[in-house]
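# Structure at a glance
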Amino acid sequence: MSGDPKLERIAKGNALALCATGTWTASFAPVLERMVADAEKLAGTPQSIFIDVSEIAKLDTFGAWLIERLRRSLTKGPVEAQIAGLSANYSSLVDEVRRVRAAAVVDSNPITISGMLEQIGRAVAGVAGTVAGLVDMLGAVLAAWFRVLIHPRSFRLTSTVHHMEQVCWRAVPIIVLITFLIGCIIAQQGIFHFRRFGADIFVVDMLGVLVLREIGVLLVAIMVAGRSGSAYTAELGSMKMREEIDALRTMGFDPIEVLVLPRMMALVLALPILAFLGAMAALYGGGLVAWLYGGVQPEAFLLRLRDAISIDHFIVGIVKAPVMAAVIGIVACVEGLAVQGSAESLGQHTTASVVKGIFFVIVMDGIFAIFFASIGM
């Protein structure tokens, strides 16, 4: 039977049958919506209800969902509506629709102290899970590195060089530009305020120490976390979605050794280089502003800078760089491998990678500050 869709009610003893006929497709959406809405009013009746679909000529996803919605609406308490007469052609479609869960009911209960404590507990547990994941990834990377040391031929040099180009060489322009501007701003603001006390020259001390110890490496690490960390997460997440990582395991390769270790090595090598270039660009920008805005001659700037800083300031900044790079790489790879099979999951984990990467970079900078202060550097 074909033609317009119909939904007829037929009483069969103590049971009620709803016989669906005709074409149940999206082209008849308004008619189908009205019929199903009228049939849903039967919910709550003590009779057993059967939805007979044996006479349906054509069925698509829209029609299958309406039938499943009707079945759910008529299922109340002990009375469960049944779908009868389902042909083999449409059984898989209806089964697939049946797996769709109803939207969760929004909890409208008032906020209570116990509920707030529960949320805090879940948040703390989530932080503990994040730290555990980072430690697990760190152990896996170290284990892969030791295997590479034992078998040097397994090290993927080509992949490491490729990622070095992406992370280091291609990042040089934006890193130099941003740090140059930051150096200009720091120098301008320092001169503006020091001038009130007639101490314009002290801006050189502030610029040198601040750039070499803190701002240079911290700013570069934050930019790398946003640029390269997000790229690592997106790349690994896309591979996870396309099941390429599972294919590597099937072929007997370790994804940590093949995918993660080259990226980690490239990042650990690149960040100290970028931090050095960024510090030099910031000092150059600060010296340029001190000359043009503050009247500090380049010779005087260099002499004052030589007296204001020492090799310890440079060491403090450079030592931080590889550790921060390792933290950024581990966070990015953990989030990338945690991606599920949807674009929404990829976006969420990429965002989490950047946020967590920047957070842990700042935490590590604080730890280093306390450590170097305790040893007098």
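You'll find the structure just up there.
Residue numbers here run from 1 along each chain, matching the order of that chain's written sequence. Note on the predicted model: pLDDT of at least 70 is required for a residue's local features to be given, and 80 or more for side-chain atom pairs to be given and counted; whole-chain, interface and lining totals, by contrast, use all residues. Think of the side-chain values as coming from all heavy atoms in the structure, minus any hydrogens and water.

For the rest of this paragraph, the subject is the pattern of salt bridges. What counts as a salt bridge is simple: a side-chain nitrogen of Lys or Arg found within 4 Å of a carboxyl oxygen of Asp or Glu. Across all of its chains, the model carries 16 salt bridges by this definition. For Glu-244, the salt bridge identified is with Arg-242, shortest N-O distance 2.7 Å. For every residue, the accessible area (1.4 Å probe, protein chains only) is compared with the maximum for its type, and the residue is labelled buried under 20%, exposed over 50%, or partly exposed between those bounds. We classify Glu-244 as partly exposed; its relative accessible area is 33%. Exposure remark for Arg-242: the relative accessible area of 53% places this residue in the exposed category. When the shortest N-O distance is used, the salt bridge between Asp-246 and Arg-249 registers 3.5 Å. Here the residue Asp-246 and the residue Arg-249 both occupy positions in helix H8 (residues 244-250), the gap between them amounting to three residues, near one helical turn. Through salt bridges that share partners, Glu-33, Glu-40 and Arg-69 make up one connected network. Numbered from the N terminus, helices here are DSSP runs of H or I no shorter than four residues, and strands are runs of E no shorter than two.

This paragraph deals with the packing of aromatic side chains. For any pair of aromatic rings, the description consists of the separation of the ring centres together with the inter-plane angle of the planes. Any two of the Phe, Tyr and Trp rings considered here, Trp counted by its six-membered ring, make a pair once their centres fall within 6.5 Å; the pair's planes then place it as stacked at under 30 degrees, edge-to-face at over 60, or tilted in between. Enumeration according to the criterion identifies six aromatic pairs in this entry. An angle of 35° between the planes, with centres 6.2 Å apart, marks the rings of Phe-180 and Tyr-284 as tilted. Taken together, the residues Phe-180 in helix H6 (residues 172-194) and Tyr-284 in helix H9 (residues 255-292) connect sequence positions 104 residues apart. A relative accessible area of 23% means that Phe-180 is categorised as partly exposed. Ring centres of Phe-276 and Phe-314 lie 6.1 Å apart, and the angle between their planes is 85°; this geometry places the pair in the edge-to-face category. Note that Phe-276 is positioned in helix H9 and Phe-314 in helix H11 (residues 311-337), a separation of 38 residues in sequence. Judged by relative accessible area, which is 30%, Phe-314 ranks as partly exposed. Joined through ring pairs, the aromatic side chains of Phe-368, Phe-371 and Phe-372 make up one cluster.

This part takes up helix H10 (residues 298-308). Along H10, the residues classified as buried are Phe-301, Leu-305 and Ala-308. For H10, the angular spread of buried residues about the axis comes to 65°, placing them on one side. H10 presents Glu-299, Leu-302, Arg-306 and Asp-307 as exposed residues on the side facing more than 90 degrees away from its buried surface. The inward-facing, buried residues of H10 abut helix H7 (202-241), H9 and H11. Along the arc lie the directions from the helix axis toward the C-beta atoms. Contacts: residue pairs with any heavy atoms within 4.5 Å of one another.

End to end, helix H12 (residues 343-374) covers 47 Å across 32 residues, agreeing with the expected 46 Å (1.5 Å per residue, within 8%). Directly beyond the C-terminal end of H12, a positive phi value near 80° is found at Gly-376. Expected span of a helix, by definition, is 1.5 Å for each gap between consecutive residues, and there is one gap fewer than residues.

Attention now goes to empty space enclosed by the protein. Note on definitions: the grid is 1 Å and covers protein atoms alone; a cavity is a set of points where a 1.4 Å probe fits but cannot get out; a pocket is an open set with protein on both sides within 12 Å along at least five of seven lines; lining residues have an atom within 4 Å of a point. Grid points are joined across faces, edges and corners, and a volume is the space filled by probe spheres set on the points. For the coordinates displayed, the defined rule picks out two cavities of 30 Å³ or more. A volume near 70 Å³ is recorded for the largest cavity. As for the largest cavity, its lining consists of Val-211, Leu-212, Gly-216, Val-217, Ala-275, Phe-276, Ala-279, Met-280, Phe-314, Gly-317 and Ile-318. Mapped onto the lining of the largest cavity, the elements with two or more residues apiece are H7, H9 and H11. Taken as a whole, the second largest cavity spans an internal volume of roughly 40 Å³. Taken together, Thr-179, Ile-182, Gly-183, Ile-186, Val-211, Ile-215, Gly-216, Leu-219 and Ala-282 make up the full set of residues lining the second largest cavity. Of all elements in the fold, only H6 and H7 reach the threshold of two or more residues within the lining of the second largest cavity. A breakdown of the residues in the lining of the second largest cavity according to their chemical character gives six nonpolar, three polar and no charged. Classes in brief: Ala, Val, Leu, Ile, Met, Phe, Trp, Tyr, Cys and Pro nonpolar; Asp, Glu, Lys and Arg charged; the others, Gly included, polar.

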